[in-house]
Amino acid sequence: GNMVEWCLPQDIDLEGVEFKSMASGSHKIQSDFIYFRKGPFFGLACFANMPVESELERGARMKSVGILSPSYTLLYRYMHFLENQVRHQLEMPGHYSHLAAFYEDKKGVLHAGPGRGGSLPPVYWLPSIHRYMYPEMKITHPAGCMSQFIKFFGEQILILWKFALLRKRILIFSPPPVGVVCYRVYCCCCLANVSLPGLGGTIPESKPFFYVNVADIESLEVEVSYVACTTEKIFEEKRELYDVYVDNQNVKTHHDHLQPLLKINSADREKYRRLNEQRQTLLYSQEVEGDYGPCEEDLFVLFFLEQNNRIFQTLLEVSASQDKTLTAEHARGMGLDPQGDRSFLMDLLEAYGIDVMLVIDNPCCP
């Protein structure tokens, strides 16, 4: 099995990290990276696999080198160091001086530090986007991960957007390598940002859990909202742990009341068309004018942020009005399909505790 070979500081609780930092099924690949969560910390580990002529090691030596931090803002900066170190550990096992020096140099940056005790600032996904998540996420992931996400899921990003906004428990399955799948978790989180004041006192904080495995089952059982990924197929059978299961490009849910949200409607297609149009305009201006100001990541985040703000602005205005009536006209104004998004709207009002009356006729009822 996996074991922690070396760590600093030595008194830190690393139970389960040996499985989080080496994804299940990794023996089939040469290298990978993996984001994960351990208690209040985020982790990044780089994995590598080297063939060796040793019966004891069964012909392969596999190691991961990783770091833990209260936030993942800085983790990506050390990816290159971790990749080099894991190769070093494979070729020269037992030489830890570079890692010890790195820890001594960075411990003030990566750990809570004196005077802050054990309390860490919560990582909010909504509604405190400007204070926490967006600046954090913006510099955490490499250029291109949004365009890969859009290319991979296509129009289905609008289905994921609705589930993310409803705070559902979203689990993404994929065989290794898992690094690119951790980016999909991150992109899913970017779909649900809102920056309106006065919204969401009662909403559960939604957490990017990144990679999870069977050792995380107990902690997932108590989560009301999360986005995570796994390489372990057994999770699919454990329906009590998730609301939405994403297998490759197949987005599904076992809840009957969420089935209508799996259908792409005309308003979704229009949003997807607008998103692609804005991306093309941005790429064109970068090529022609050499304008490298806003990047595609910014465009993607802001596209959904504006969409979400428009929806909640309208809902809050209607709930503050005298008759509290939400009409088909309101739905269209929010960029939603009055019929196709009726069930999404009802779920949204319930999830956020917004008091309005929906008067959009259901075409299925006489």
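The following paragraphs examine the structure supplied in this document. Everything numeric in this text was worked out from a predicted model, so none of it was measured.

Calculation criteria
- Residues numbered from 1 in each chain as written.
- Predicted model: local features only at pLDDT ≥ 70, side-chain atom pairs only at ≥ 80, totals over all residues.
- Heavy atoms only, no water.
- Helix = DSSP H or I, 4+ residues; strand = E, 2+ residues; numbered from the N terminus.
- Polar contact = N/O pair within 3.5 Å; in protein donor to acceptor, adjacent residues only side chain to side chain.
- Contact = heavy atoms within 4.5 Å.
- Buried < 20%, exposed > 50% of the residue type's maximum accessible area, 1.4 Å probe, protein only.
- Pairing = 2+ DSSP bridges.
- Phe/Tyr/Trp six-rings, centres within 6.5 Å; stacked < 30°, edge-to-face > 60°.
- Core = buried A, V, L, I, M, F, W, Y, C linked by side-chain atoms within 4.5 Å.
- Domains from an automatic or database assignment.

## Notes on the side chain of Thr325
Locating Thr325 in the fold gives a position in strand β9 (residues 325–326). A distance of 3.0 Å separates the side chain of Thr325 from the backbone oxygen of Asp323, its partner in a polar contact. Sequence-distant contacts of Thr325, that is, excluding residues within four places in its chain, are made with Val318, His330, Met357 and Val359.

## Here we look at the pairing of strand β1 (residues 31–38)
Taken across its 8 residues, β1 has 7 buried, putting it largely inside the fold. As defined by bridge partners, β1 adjoins strand β2 (residues 41–51) across 8 bridges and the pair is classed as antiparallel. In the strand pairing of β2, Arg37 is matched with Phe42. Two successive antiparallel strands, β1 and β2, enclose a turn made up of 2 residues, where Gly39 displays a positive phi of approximately 55°.

## Considerations on the packing of aromatic side chains
Applying the stated criterion across every chain yields a total of 19 aromatic pairs. Taking the centre distance of 5.9 Å and the plane angle of 55° together, the rings of Phe209 and Tyr226 count as tilted. Of this pair, Phe209 sits in strand β5 (residues 207–211) while Tyr226 is found in strand β6 (residues 226–230), placing the two residues 17 residues apart along the sequence. A single burial state applies to Phe209 and to Tyr226, both of which are buried. Put simply, the rings of Phe149, Phe152, Phe153, Trp161, Phe300, Phe303, Phe304 and Phe344 touch in pairs and so form one group of aromatic residues.

## A look at the nonpolar core
Nonpolar side chains tend toward joint burial in soluble globular proteins. Membership of the largest hydrophobic core comes to 95 residues, with the highest contact counts inside it found for Ile157, Phe312 and Leu315. When residues of this core are assigned to domains, at least three map to each of domain 1 (17–100) and domain 2 (138–312). Not counting chain neighbours up to four residues away, the residues in contact with Ile157 comprise Phe149, Ile150, Leu191, Tyr272, Leu275, Phe300 and Phe304. Core analysis: the second largest hydrophobic core is formed by 12 residues, Phe173, Ile217, Tyr226 and Leu241 among them.

Nothing here speaks to function; it is geometry throughout.
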